[in-house]
Amino acid sequence: MFNESVVAHPHDSASLSTVRLEGHGLLLRPWDPGSGADVAAWLRGVTDPEFLHWNTPLVPVTDTAGARDSLRARAARAEEGSAASFLIGDAESGGGTALGHIGVNDIHRLLGVARVGYWVLPEARGRKVATRALGLVAGWAFREAGLHRLELAHVAGHEASCRVAEHCGFRREGTLRGALLEAGRRDAFRDAHLHARLATDPEPKVS
C-alpha cells in the first residue's frame, strides 16, 4: 500500500488541473507550461529516439515553442475535465526534477472510461518509474476520479510497456489491428496490444 495525497474532489472535472499524487517514492504533479524546466523536459521526452520508435505523435513537437504549446493544450484539457497530465517526479526532490510523464486521457464521464499513456526519460529508465507511476494513477482514477475502466494500448512488440501494464493489473485483452501509426509515418499502420483494468479487479501490489 502507499500514501496518496490528492488535491481534488471525486468526480469534480474542474479539479483535474490541480491534482497532485504522491506515493511509491514519486510525486506526480501537473506540467507547467510557464516553467522553462518543464518545457525543456517535455521537449526532451517527446523527441527522444526511443519514444519516437514506439510513438508517432499526431502533432509533432520539434522545438521549445511547440513543446510549450503542447503543454498548454494539455492544461486546457485538464481544465475542461477531459484529461489529466502529470509530470513524474521524485518525491524526495519535491517533484522538481522530471523523470517522465503519465496521462489519463480521453476521459468519458458517462461510461467512466479513460486511456492511460506514459513515457520515461532515458536517465530514469530501469528504475520502475513507469510501473510505480501507473500504479499510483490507477489508484487515483478508481478511488478519487470515479472511473470504472482504464485502457492502455501499446505497439505490438513493445515488451517493456507490456510488462508495466501487466505488473499493474492491466490484463491483455487482445490485438487491435492497424490501430497505431508506424514510426515517423502517416501512411502506414501497425498493430497494438490492448490492456485494461477495471475498478473491480483485484489491486496488485506495486512497489
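The structure contained in this document is the topic of the report that follows. Since this is a predicted model, take the numbers as computed values, not measurements.

Rules behind the numbers
- Along each chain, residues carry numbers from 1 onward, in the same order as the chain's sequence is written.
- Note on the predicted model: pLDDT of at least 70 is required for a residue's local features to be given, and 80 or more for side-chain atom pairs to be given and counted; whole-chain, interface and lining totals, by contrast, use all residues.
- Values shown for side chains rest on all heavy atoms present in the structure; no hydrogens or waters enter the calculation.
- By the criteria applied, helices consist of DSSP H or I runs no shorter than four residues and strands consist of E runs no shorter than two, each listed in order from the N terminus.
- Nitrogen and oxygen atoms within 3.5 Å of one another constitute a polar contact, given that in protein one can donate a hydrogen and the other can accept it, and given that sequence-neighbouring residues count only through two side-chain atoms.
- For a helix, the expected span equals 1.5 Å multiplied by the number of residues minus one.
- Geometry of aromatic contacts follows a simple scheme: Phe, Tyr and Trp rings, the Trp one being its six-membered ring, pair when their centres are within 6.5 Å, and the pair is stacked under 30 degrees between planes, edge-to-face over 60, tilted otherwise.
- The buried label goes to any residue with under 20% of its type's maximum accessible area, the exposed label to any with over 50%, and the partly exposed label to all in between, with areas taken from a 1.4 Å probe on protein chains only.
- By convention in these notes, a salt bridge is any Lys or Arg side-chain nitrogen within 4 Å of a carboxyl oxygen on Asp or Glu.

Section: the side chain of Arg29
In step 1: Tracing the backbone through its elements, the reader meets Arg29 in strand β2 (residues 26–30).
In step 2: Among the polar contacts listed, one links the side chain of Arg29 to the side chain of Asp38, at a separation of 2.9 Å.

Some words on helix α3 (residues 64–80)
In step 1: In a regular helix each residue adds 1.5 Å, so 17 residues correspond to 24 Å; α3 covers 25 Å between its end C-alpha atoms and thus fits that length.
In step 2: One or two positions beyond α3, positive phi appears at Gly81, with a value near 85°.

Comments concerning the packing of aromatic side chains
In step 1: Considering all chains together, one arrives at five aromatic pairs under this definition.
In step 2: Taking the centre distance of 6.1 Å and the plane angle of 40° together, the rings of Trp31 and Trp119 count as tilted. You can see Trp31 sitting in the loop between β2 and α1 (36–46) and its partner Trp119 sitting in strand β5 (residues 113–120), a full 88 residues away along the chain. Comparing Trp31 with Trp119 shows no difference in burial state: the two are buried.
In step 3: With centroids separated by 6.3 Å and ring planes inclined at 70°, the aromatic side chains of Phe51 and Trp119 adopt a geometry described as edge-to-face. You can see Phe51 sitting in helix α2 (residues 49–54) and its partner Trp119 sitting in strand β5, a full 68 residues away along the chain. For the pair formed by Phe51 and Trp119, the shared burial category is buried.
In step 4: In textbook terms, an aromatic cluster arises when at least three aromatic residues are bridged by ring pairs, as seen for Trp31, Trp42, Phe51 and Trp119.

Here we look at the pattern of salt bridges
In step 1: Under the defined criterion, the tally for this structure stands at 10 salt bridges.
In step 2: Between Arg143 and Glu203 there is a salt bridge, and its shortest N-O distance comes to 3.3 Å. With Arg143 in helix α4 (residues 129–143) and Glu203 in the segment after β8 (189–198), the pair connects residues that are 60 residues apart, well separated along the chain.
In step 3: Overall, Arg143 belongs to the partly exposed group, its relative accessible area being 43%.
In step 4: The partner of Arg171 in a salt bridge is Asp201, with the nearest N and O atoms 3.8 Å apart. Of this pair, Arg171 sits in strand β7 (residues 171–181) while Asp201 sits in the segment after β8; the two residues are 30 residues apart in sequence, bridging distant segments of the chain.
In step 5: What makes Arg171 exposed here is its relative accessible area of 52%.

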